[in-house]
Amino acid sequence: PITRPASALYAFIPLSAFGTSIKDSETFCLRALEQCNVATVPGKAFGVEGYVRCSFGLPEQEIEEALAQLAKSLL
C-alpha cells in the first residue's frame, strides 16, 4: 500500500506497488525513464532503497497516464 503524504508534492512509493520484480531503485528509475519517458528518483539517494520518489505536481490525467505506462512496461 501507498501511504498518502500529509502535505507534499512528493511521495516515496515501494517498488512492489508497481507490480515489478525490480528490486533496485536505480535500475527501476533508469528503465522508467528510458522505456516510459517517466522521471522518478531512486529511493537509494535518500537512504530508502526499494522505493522511488515521485512528484505529483502535474495534472491528474498526466499522472494517471504515467502510472499506466509504468505498469505496462516495467512488469
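For the structure itself, look to the data block above.
As the structure is a prediction and not an experimental result, all values here were calculated from the model. Numbering of residues starts from 1 in every chain and runs along the sequence as written. Note on the predicted model: pLDDT of at least 70 is required for a residue's local features to be given, and 80 or more for side-chain atom pairs to be given and counted; whole-chain, interface and lining totals, by contrast, use all residues. Neither water nor hydrogens contribute to the side-chain values; these are computed over all heavy atoms in the structure.

The next subject is the layout of surface pockets. Of the voids in this model, the largest pocket is the one considered here, and its volume is about 290 Å³. In this structure, the largest pocket is lined by 16 residues; those nearest its centre are V38, A39, S55, L58 and A66. Secondary structure elements are defined from DSSP: runs of H or I of at least 4 residues count as helices, runs of E of at least 2 residues count as strands, and each element is numbered from the N terminus. Ranked by residue count, the leading element in the lining of the largest pocket is helix α2 (residues 60-73), at six residues. The residue classification treats Ala, Val, Leu, Ile, Met, Phe, Trp, Tyr, Cys and Pro as nonpolar and Asp, Glu, Lys and Arg as charged. All others, Gly included, are polar. Classifying every residue of the lining of the largest pocket by side-chain character gives eleven nonpolar, two polar and three charged. Buried and open spaces are told apart on a 1 Å grid over the protein atoms alone, a cavity being a set of points where a 1.4 Å probe fits but cannot get out and a pocket being an open set with protein on both sides within 12 Å along at least five of seven lines. Residues with an atom within 4 Å of a point are the lining residues. Grid points are joined across faces, edges and corners, and a volume is the space filled by probe spheres set on the points.

For the rest of this paragraph, the subject is the nonpolar core. A general feature of soluble globular proteins is that nonpolar side chains tend to end up buried together. Among the buried residues, those of types Ala, Val, Leu, Ile, Met, Phe, Trp, Tyr and Cys that are joined through side-chain atoms within 4.5 Å form a nonpolar core. Burial here depends on accessible area, computed with a 1.4 Å probe over protein chains only, as a share of the maximum for the residue type. Under 20% is buried, over 50% is exposed, and the range in between is partly exposed. Ranked by size, the top nonpolar core spans 14 residues in total, and within it I13, F18, F28, V52, L70 and L74 carry the most contacts. When residues of this core are assigned to their parent elements, the largest contribution, four residues, is made by helix α1 (residues 25-36).

Before going further, it helps to spend a moment on the packing of aromatic side chains. We call Phe, Tyr and Trp rings a pair once their centres come within 6.5 Å, taking the six-membered ring for Trp, and we label the pair stacked below 30 degrees between planes, edge-to-face above 60, and tilted otherwise. Applying the stated criterion across every chain yields a total of two aromatic pairs. Ring centres of F12 and F46 lie 5.3 Å apart, and the angle between their planes is 75°; on these two criteria the pair is classed as edge-to-face. Placement of F12 in strand β1 (residues 10-14) and of F46 in the loop between β2 (41-42) and β3 (51-55) is noted, with a sequence separation of 34 residues between them. Residue F12 is classed as partly exposed on the basis of its relative accessible area, which comes to 36%. Measuring from ring centre to ring centre gives 4.9 Å for F18 and F28, while their planes differ by 40°; the resulting arrangement is tilted. With F18 in the loop between β1 and α1 and F28 in helix α1, this pair connects stretches of sequence that are ten residues apart. Accessibility assignment for this pair places F18 and F28 in one class, buried. By definition here, charges over rings are those cases where NZ of Lys or CZ of Arg is within 6 Å of the ring centre and within 35 degrees of the ring normal. Between the NZ or CZ atom of R53 and the centre of the ring of Y10, over which it lies, the distance is 3.8 Å.

A few words now on the environment of L9. Position of L9 relative to the elements: it lies in the segment before β1. The spacing of L9 and G43 is 34 residues in sequence and 16 Å in space, taken between C-alpha atoms. For this analysis, residues touch if any pair of their heavy atoms sits within 4.5 Å. Setting aside residues up to four positions removed in sequence, L9 forms contacts with C54, S55, F56 and G57.

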